[in-house]
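Examining the three-dimensional arrangement
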Amino acid sequence: MQQFLGRGTELNPTAESKPGYIEDFLSGSLVKGIPEEIEAVQVFAKRLVEEYGYPKAHIQTHPQYRVRKSPSDEEKTYPVDIAVFKEPNHTENNLIMVIACKKKTRKDGLAQLMLYLDLSSATVGVWFNGKHHVYIRKVYHKDGTRTYQPLPNIPRLGQRIEDVGMYKRKELVKPSNLKSVFKDIRNHLAGMTTGITRDEALAQEIINLLFCKIYDEQERFPDETVIFRAGVGEASEEVRHRILRLFDKVKRAFLDVFHPDETIKLDAESLTYVVGELQTYCVMDADRDAVSDAFEVFIGPALRGAEGQFFTPRNAVRMIVDILDPKPTDTIIDPACGSGGFLVTALEHVWAKLREEAKAKGWSDQYLAKREGEMATANFRGLEKDAFLAKVSKAYMALMGDGKGGVFCENSLATPSEWSRMTQEKIRPGTFDVIMTNPPFGAEIKVKGQEILSQYELGYKWIRGDDGKFERTDALKPYEAPQVLFIERCIQLLKPGGRMGIILPEGILGNRTTGYILDVLRKHGQIVGIVDITRHLFQPSTDTKTNVLIYRKHEQHEQPKDSPLIFSVVKTCGHDKRGREIYQRDGAPDDELPLAAQAWHSPKPFNPSRLGYLVPSTELDPYYLVPRYYTPEVTEAVADLEQNGKVSFRSIDALSQTGIIAFSSGHEIGSNTYGTGEIPFIRTSDIANFEITHDPTFSVSEEIYSTYAQRQGLKPHDILFVNDGRYRIGNVAILTEYDTRILVQSHFTIIRVLKQEQLDPFLLLYLLKHPVVRLQIESKTFIQSTIATIGTRYRELVLPFPKDPALLGDKVASIRRIVLERARLRNEAAQFERYDDGF
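Residues numbered from 1 in each chain as written. Predicted model: local features only at pLDDT ≥ 70, side-chain atom pairs only at ≥ 80, totals over all residues. Heavy atoms only, no water.

Burial analysis of helix α6 (residues 268–278) places 10 of its 11 residues in the buried class, which makes it a mostly covered element. Buried residues of α6: Ala268, Ser270, Leu271, Thr272, Tyr273, Val274, Val275, Gly276, Glu277 and Leu278, and no others. Of the residues flanking the start of α6, the one acting as N-cap is aspartate 267, its side-chain oxygen 3.2 Å from the backbone nitrogen of glutamate 269. (Buried < 20%, exposed > 50% of the residue type's maximum accessible area, 1.4 Å probe, protein only. Helix = DSSP H or I, 4+ residues; strand = E, 2+ residues; numbered from the N terminus. Polar contact = N/O pair within 3.5 Å; in protein donor to acceptor, adjacent residues only side chain to side chain.)

Shown next, in the form of structure tokens:
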């Protein structure tokens, strides 16, 4: 019997949704979700409120405010995307700023912006298309003419234009979307900067500037004007000289991080642009790891993919830190530390605990600062193979808490004797209380060599005996994926009783052929639980589905226990598969990762929730630890439907056992056969709305058809069920008399109703699309790297059959009529393509 913990309610929209529409951030009304609205208007409107301090009542988006296109234009023809007023009264005299988002190019955008400003009272204009921007001010001259001058930024609420850039430290604001700002900077530099065009070189420049910014934030008193600034009308060369002097201070402060000869190479105008973009923010207060975000934006997917460097989003880092809950006395390591995200977040976490202790014990500020510095230096360690990332991590830790001395550029998987003497002194096996890490993963990254592989049990070949148990051989593998070896390296680094949170591809948790990996984990410790995370987490960088494994190493002489595992299923992570941030109706991020962390620490009694539930180890398949498979959502949904008394559930396997249905599968015919004839070859992308279509470019010859036709033996009313693929698992279509002269791909299971007097094929088709069945399909789908499969687990699906056939009679009849009629019409239309009229 499962026990539950965590929140008992799901996050639901607070307003009715409408396909193709989104909720306007300011008015709350539904507006068309066109790209310019999603990527520009809504983004900038939110910045105006959250970063520049303008009340919502001072801003108008929908309905759009209008300005004149000529002095006589009383109707005010031009609609402004965003209008900002100095008061809630939206009159012409109160208009102070206009933002244009329609034009895609800088030239067109600037021209449109000047038109808006020409005949309006606004003095500040912005063009923003979601990727690039222009800030300008309107200047009147004594002779009656007006000109437009660029601005480094726009004024905040109540700020004079002349004071833009003259910020005191206490006036810096928390950024709401720093990654969007970095994208804007990257797009500008890539198109406008001379001499530095490669993303790696741009990344180096931005990282150096970013640390100038963070250093300046740390060194200024609250009422002191920041040095990292660009003022209105200030010469670019003057800004550049001031920043270079600041960078000299950074280098002197961190001699073991920066080389004395390093400099910032950006030209004066580009540097001023970057400073203007960042100067208003307090980067140290950002919700996401600013360094990682910058690096992600500037390096790009190609380089990251080749090196397996998929940076962990800050909300996932925070979730793992919160679950592990490191203490001030814990020694902590990330053996694949990247830019230091885990280390910095963990440092913030233990410092918060230390501040609570200081308050309780009455420590002085000086003593607290001393203890914080000692902790960062003594307790935090990081290893990173990439020299640039190691440098970034050292610099970030140095700025945050003087933990730079604990970060080393080493190959974590190499034998420790190959590490430098200093590394060997600071990082010893069996000495760490906490490990949190996201190791590099990828099929193309192979770790080879006897010296490395022989260190690990997982570096050897394993065989599975007749009893189903795995046994290690004496033969080394030719290579192994880094994420597998990292698991064992982490076990080696942990002290007895130490705990670990590690991000792993889902394939490690559900691939029976590599079940020995789970055996090795259980041999040395206890799998405490697993967080099943949406595959959107690392998109768009990679489509690999990952989960988080929480682990505790056995104490010496500790006997394994059959303790229940804590599982969580997280379906949202704050962004979609394109990396765009997503929100709930109330404006809060649509992100369940923080809720999962809360569920792990929920007090008893436990509340039912997929975000945190206990499953006894005796109820688990030892080689299938994918939390979705055990989610309480399914059992609750089935129970809720059964309670109405109108349905009874029967499994697909039971229907097969009683001879009502039978299964077969499609075939792979080879891409070399595509386009060789006119016989349709149906792929998973060729089915929708219960029916099949086909792409003629994949049609095959009569010869190929005859090779497979008898084996497939397709008949009318056969159902095609997608059991392999990426996003289409569970899609279904039914064949008609016009569709049997085809071949189908191996990713289909073909379901045939043998006793149609007992089961209408169209009823089966309908039930396979039922929401409770779709929920089961989701829970039983396993994702190996990027490819998903339900395997033979489709047999476990239970279908909600109506006790009274009349309940679904009309729906099933409608589906039958629509599918058959559309098939007949398609066939009839196809006759006109044959042109057999004799001319």
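Secondary-structure assignment places arginine 220 in the loop between α4 (199–219) and α5 (236–253). For arginine 220, a relative accessible area of 13% translates into the label buried. A polar atom in the side chain of arginine 220 sits 2.6 Å from the side chain of aspartate 216. One polar contact links arginine 220 to glutamate 224, side chain to side chain, over a distance of 3.2 Å. Once you skip the residues sitting within four places of it in the chain, arginine 220 turns out to touch Arg169, Thr225, Val226 and Ile227. (Contact = heavy atoms within 4.5 Å.)

A word on the sheet that holds strand β32 (residues 748–753). The strand order across the open sheet built from 4 strands is β24-β32-β28-β30, with neighbouring strands paired in antiparallel fashion. Every other strand in the sheet has two partners, leaving β24 (661–665) and β30 (732–734) as the edge strands with one partner each. Neighbour-to-neighbour, the strand axes of this sheet turn through a mean angle of 25°, independent of strand direction. One ladder, built from 3 bridges, connects strand β28 (residues 719–722) with β30; its direction is antiparallel. In the sheet register, leucine 720 faces β30, and the bridge partner there is alanine 733. (Pairing = 2+ DSSP bridges. Axes fitted to C-alpha atoms, helices over the stretch in contact; angles between N-to-C directions.)

For the pair helix α3 (residues 178–192) and α6, interaxial distance at closest approach is 11 Å and the crossing angle is 165°. One element, α3, and the other, α6, form an angle in the roughly antiparallel class. For the crossing formed where α3 meets α6, the hand is right-handed. From α3, Leu178, Val181, Phe182, Asp184, Ile185, His188 and Leu189 reach across to α6, where they touch Ser270, Tyr273, Val274, Glu277 and Leu278. By residue class, the composition of the contact of α3 with α6 is 8 nonpolar, 2 polar and 2 charged. (Parallel < 35°, antiparallel > 145°, perpendicular 65-115°, else oblique. Left-handed = near helix turned anticlockwise from the far one by under 90°. Nonpolar A, V, L, I, M, F, W, Y, C, P; charged D, E, K, R; others polar.)

The topology assignment puts glutamate 488 in helix α15 (residues 482–493). Residues contacting glutamate 488, with those up to four places away along its chain left out, are Gln455, Tyr456, Glu457 and Leu458.

This paragraph deals with the confidence of the model for the chain. Residues of the chain with pLDDT of at least 70 account for 93%, and the chain-wide mean is 89. Throughout residues 1–15 the model reports pLDDT below 50, and contacts reaching past four residues in sequence, or to other chains, amount to 49 contacts. (pLDDT = per-residue confidence, 0-100.)

Moving on to the state of the cysteines. This structure, assessed with the given rule, holds 0 disulfides. Its sulfur unpaired, cysteine 212 is 16 Å from the next cysteine sulfur, which belongs to cysteine 282. Given the relative accessible area of 0%, cysteine 212 is considered buried. With no disulfide of its own, cysteine 490 lies 12 Å from the sulfur of cysteine 337, the closest cysteine sulfur. Of the residues examined, cysteine 490 reaches a relative accessible area of 0% and is grouped as buried. (Disulfide = S-S within 2.5 Å.)

As a further point, take the pairing of strand β8 (residues 95–100). In terms of burial, β8 is a largely internal element, 5 of the 6 residues being buried. Bridge count for strand β7 (residues 82–85) against β8 is 4 bridges, and the pairing is antiparallel. Residue pairing in the sheet places alanine 83 in a bridge with valine 98 of β8. In the sheet, β8 pairs with strand β9 (residues 124–128) via 4 bridges, with the strands oriented parallel. Pairing of isoleucine 99 across the sheet is with valine 126, part of β9. Between the parallel elements β8 and β9, the chain passes through helix α2 (residues 106–118) in a crossover that is right-handed. (Right-handed = clockwise from strand over helix to strand, strands pointing away.)

Summed over all chains, the structure comprises 20 aromatic pairs. Here phenylalanine 441 and phenylalanine 538 contribute two aromatic rings whose centre-to-centre distance is 6.1 Å and whose plane-to-plane angle is 80°, an arrangement assigned as edge-to-face. Pair noted here: phenylalanine 441 is in the loop between β15 (432–437) and α14 (450–453) and phenylalanine 538 is in the loop between β19 (525–533) and β20 (546–553), with a separation of 97 residues, a long-range link. Assigned by exposure class, phenylalanine 441 and phenylalanine 538 land together as buried. Ring centres of tyrosine 674 and phenylalanine 698 lie 4.8 Å apart, and the angle between their planes is 65°; on these two criteria the pair is classed as edge-to-face. Of the two residues, tyrosine 674 is situated in the loop between β24 and β25 (681–682) and phenylalanine 698 in the loop between β27 (691–692) and α21 (702–712); the sequence distance between them amounts to 24 residues. Judged by relative accessible area, which is 25%, tyrosine 674 ranks as partly exposed. What makes phenylalanine 698 buried here is its relative accessible area of 18%. (Phe/Tyr/Trp six-rings, centres within 6.5 Å; stacked < 30°, edge-to-face > 60°.)

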